[in-house]
Amino acid sequence: MRNFLNFIFPVLVSVLYSNAALSQEQQYQPNDLVVLFSKVSDLKTTQNLKGDIVFSDSVIAAVETTSTLEYCNVWYTDDFQHLSAEMAERIFDIKIRETFGSLNTAYNGALVSKSCGVESDGVFIVRGGETDILFLQYKAVSAVNFEEFEPVAIISEIELQEAKSNLEQQDIVQKNKLDELGNRYLELSESAINSHLGSINLSYPKKNEKIKLCTFNISGDEAVPFLQYPLMEPDQTFTTGLRQAMKNADTEFNSQSLYQGTFDDLEKFFQQWQIDFRDSTTCNTFVAYPVQLLEFTNAAKRINENFSYELNGLLEVKNLQEAWAKNNGFASFADSKFADAIGVNAEGLKALLDFDVDSLQKYKNVAQEMNELGYADGENLSTVIKFLNDRSTGLQDGITALEVKQKRDEKERLADAQREEERQRRIKEAQLQRAERIASGNGEFTHYADGSCEKGDNETCITKDELLALCSKVTSFYNPGYGTIFSAASIMDYKLRELEKNMGKNAYSEAETYVSKGGDCIFSFKASGTAGGDYIDRTYYCKVTSLFGEDGSFGTMSLDSLSCSYR
């Protein structure tokens, strides 16, 4: 008996004839691997009319949203001594994703390796409920209950060897790259100029855990490369491992809060790290200049002999600055600094750049020229832009910017005078029309104490004095189409509402409009009758808001309901 995971009985049975995709005529080698999907998992396959294995749309949708799939491998360990557990996991990760790709879908979730298979009655058997995906050595097919698995692909022993060789070559390339990167960090740390920015990974964020990115408390222009560093393309900055961990955590950097931890200086960070390094809760990744990162790592190794870290990519500070400027709408970092100096955004700066004013010194020179010419005083941006426009116009006409401004000011003064003259004419015309309406005694005349009257087609807004003058001429009143003029007084008086409901217009008498001693136009009337079992006999007094005239005869038209009172 040879080891197979824990053990397996070496029985060779060819059972793959039942699967169309694997029934092609070929010689399978004993160490080829069969890839099987469990029929009791979500990975249910079907066949199309040509006999190809495919996923249904519903299965594809489920696969693309599944966060974790389990797989196991069943083989004779003596036959695969060239594969370490780590290398096998890397190869299986690649092959599983390739298998999904061949079935026209993609799996981007996590793949978890596990053990499977149990001995029953002296036979080692693997069942579908134990795993989602199974890698089975061809010579060990008797270990599988094929009623619960669907073979979907074959990985030849040659493919395994090629995959191993490719990964080993990648490891060599990556090691050389990391060695080169480490040397570059060391080289830059010896320079007095902080020309590049980098970072180190102290740990990876766990699944669904936001990455904790840390750096120093920095402000002004010095902060720009630090703010831009996390926003660059990840393959320029972070390692493959961190990128995958960030992807699993579904991390998107918020430009308003890129860093979850900031420190006053390297000493503060080092002190905090000593407290938290055992569980890496302080920071996953620390962004700093190479000299600071190497100072930290050297000190950390002295304290913790097991200290390990990853170096991320180095980016030139000037490139980070330029990228930051472009992300904020500027053509260059120099432009962004210029805009910041005069307090404008990218759009505001464009107007200056159109006149080749692309630096603070040029801006000050223009402002000085403007002041000396007597065009304006100070350095106000909008005034400077007007000056530049006028200077450009003046060059075409052979005059100065001041003369252009003076001509425009004179033109605007004349235009203002004309507009004012027209306004006064319209006012006089409106006053004349208003006076003619009042004199004619035709139409509706309204006065609101709060001044809210608005002139209508047949309505004239009048003053209180004009209302009182017309009030003395009133001889009647008008009921609106929806009720009576008296009902305005009933808004705040339920007895009056009930009285009118019972008696209608017969509830009212002795209606009169007059100018009171207090100087108001008053509409008074008497209300009498039975309401709610009570007999009432009241005289109401309401302030008039509108009168209606017809050929000099006036009647009360509307009241201020809130002013009504009774005795």
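Figured I'd write up the structure that's included with this text.

What counts and how
- Residues numbered from 1 in each chain as written.
- Predicted model: local features only at pLDDT ≥ 70, side-chain atom pairs only at ≥ 80, totals over all residues.
- Heavy atoms only, no water.
- 1 Å grid on protein atoms, 1.4 Å probe; cavity = no way out; pocket = protein on both sides within 12 Å on 5 of 7 lines; lining within 4 Å.
- Points joined across faces, edges and corners; volume = space filled by probe spheres on them.
- Helix = DSSP H or I, 4+ residues; strand = E, 2+ residues; numbered from the N terminus.
- Nonpolar A, V, L, I, M, F, W, Y, C, P; charged D, E, K, R; others polar.
- Phe/Tyr/Trp six-rings, centres within 6.5 Å; stacked < 30°, edge-to-face > 60°.
- Lys NZ or Arg CZ within 6 Å of the ring centre and 35° of its normal.
- Axes fitted to C-alpha atoms, helices over the stretch in contact; angles between N-to-C directions.
- Parallel < 35°, antiparallel > 145°, perpendicular 65-115°, else oblique.
- Contact = heavy atoms within 4.5 Å.
- Disulfide = S-S within 2.5 Å.
- Buried < 20%, exposed > 50% of the residue type's maximum accessible area, 1.4 Å probe, protein only.
- Salt bridge = Lys/Arg side-chain N within 4 Å of Asp/Glu carboxyl O.

**Some words on the layout of surface pockets**
Okay, step 1: As a volume, the largest pocket reaches approximately 910 Å³.
Okay, step 2: As for the largest pocket, its lining consists of 26 residues, of which Arg90, Asp93, Thr240, Gly241 and Gln244 are closest to the centre.
Okay, step 3: Secondary structure elements with two or more residues in the lining of the largest pocket: helix H2 (85-102), strand E5 (110-113), helix H3 (157-189) and helix H6 (240-248).
Okay, step 4: No other element matches H2, which puts six residues into the lining of the largest pocket.
Okay, step 5: By residue class, the composition of the lining of the largest pocket is eight nonpolar, 10 polar and eight charged.
Okay, step 6: Taken together, 17 residues form the lining of the second largest pocket, with Gln174, Lys177, Leu181, Asp235 and Gly313 sitting closest to its centre.
Okay, step 7: For the lining of the second largest pocket, the secondary-structure elements that each account for two or more residues are H3, helix H5 (234-237) and H6.
Okay, step 8: Take the lining of the second largest pocket: its biggest share by element is six residues, from H3.

**A short note on the packing of aromatic side chains**
Okay, step 1: Tallied over the full model, the rule gives 35 aromatic pairs.
Okay, step 2: When the centroid spacing of 6.1 Å and the interplanar angle of 80 degrees are considered together, the rings of Tyr229 and Phe238 count as edge-to-face.
Okay, step 3: What links up through ring pairs into an aromatic cluster is the set Phe216, Phe263, Phe269, Phe270, Trp273, Phe286, Phe296, Phe307 and Tyr309.
Okay, step 4: Over the face of the ring belonging to Tyr566 we find Arg538, whose NZ or CZ atom lies 4.1 Å from the ring centre.

**A short note on empty space enclosed by the protein**
Okay, step 1: The final tally for this structure, using the stated rule, is one cavity of 30 Å³ or more.
Okay, step 2: Approximately 40 Å³ is the volume found for the largest cavity.
Okay, step 3: In this structure, the largest cavity is lined by Leu188, Ser189, Ile193, Asn194, Ser195, His196, Pro290 and Val291.
Okay, step 4: Elements represented by at least two residues in the lining of the largest cavity include exactly H3 and helix H8 (290-303).
Okay, step 5: Counted by class, the lining of the largest cavity contains four nonpolar, four polar and no charged residues.

**Remarks on the packing of helix H12 (residues 360-373) against helix H13 (residues 381-397)**
Okay, step 1: Interhelical geometry of H12 versus H13 gives an angle of 75 degrees and a closest axis separation of 10 Å. It follows from the interaxial angle that H12 and H13 lie roughly perpendicular. Together, Tyr363, Val366, Glu369, Met370 and Leu373 of H12 and Leu381, Thr383, Val384, Phe387, Leu388 and Arg391 of H13 make up the contact between the two elements.
Okay, step 2: Grouping the amino acids of the contact of H12 with H13 by side-chain chemistry returns eight nonpolar, one polar and two charged.

**What to know about the state of the cysteines**
Okay, step 1: Applying the stated criterion across every chain, the model contains five disulfides.
Okay, step 2: Covalent S-S linkage joins Cys542 and Cys564, the inter-sulfur distance amounting to 2.0 Å. One quick way to see it: the torsion about the S-S bond of Cys542 and Cys564 is about 120 degrees, and its sign makes the bridge right-handed. With Cys542 in strand E21 (residues 534-550) and Cys564 in strand E22 (residues 553-566), this pair connects stretches of sequence that are 22 residues apart.
Okay, step 3: Overall, the relative accessible area of 18% leaves Cys564 in the buried class.

**Topic: the pattern of salt bridges**
Okay, step 1: Under the definition given, this model contains 30 salt bridges.
Okay, step 2: We note a salt bridge from Glu150 to Lys39, for which the minimum N-O separation is 3.8 Å. Here Lys39 lies in the loop between strand E1 (33-38) and strand E2 (46-47) and Glu150 lies in strand E9 (residues 149-155), a separation of 111 residues in the sequence.
Okay, step 3: We classify Glu150 as buried; its relative accessible area is 19%.
Okay, step 4: Judged by its relative accessible area of 37%, Lys39 falls in the partly exposed class.
Okay, step 5: Between Arg413 and Glu410 there is a salt bridge, with the nearest N and O atoms lying 2.6 Å from each other. Residue Arg413 and its partner Glu410 are located together in helix H14 (residues 401-440), separated by three residues, close to a single helical turn.

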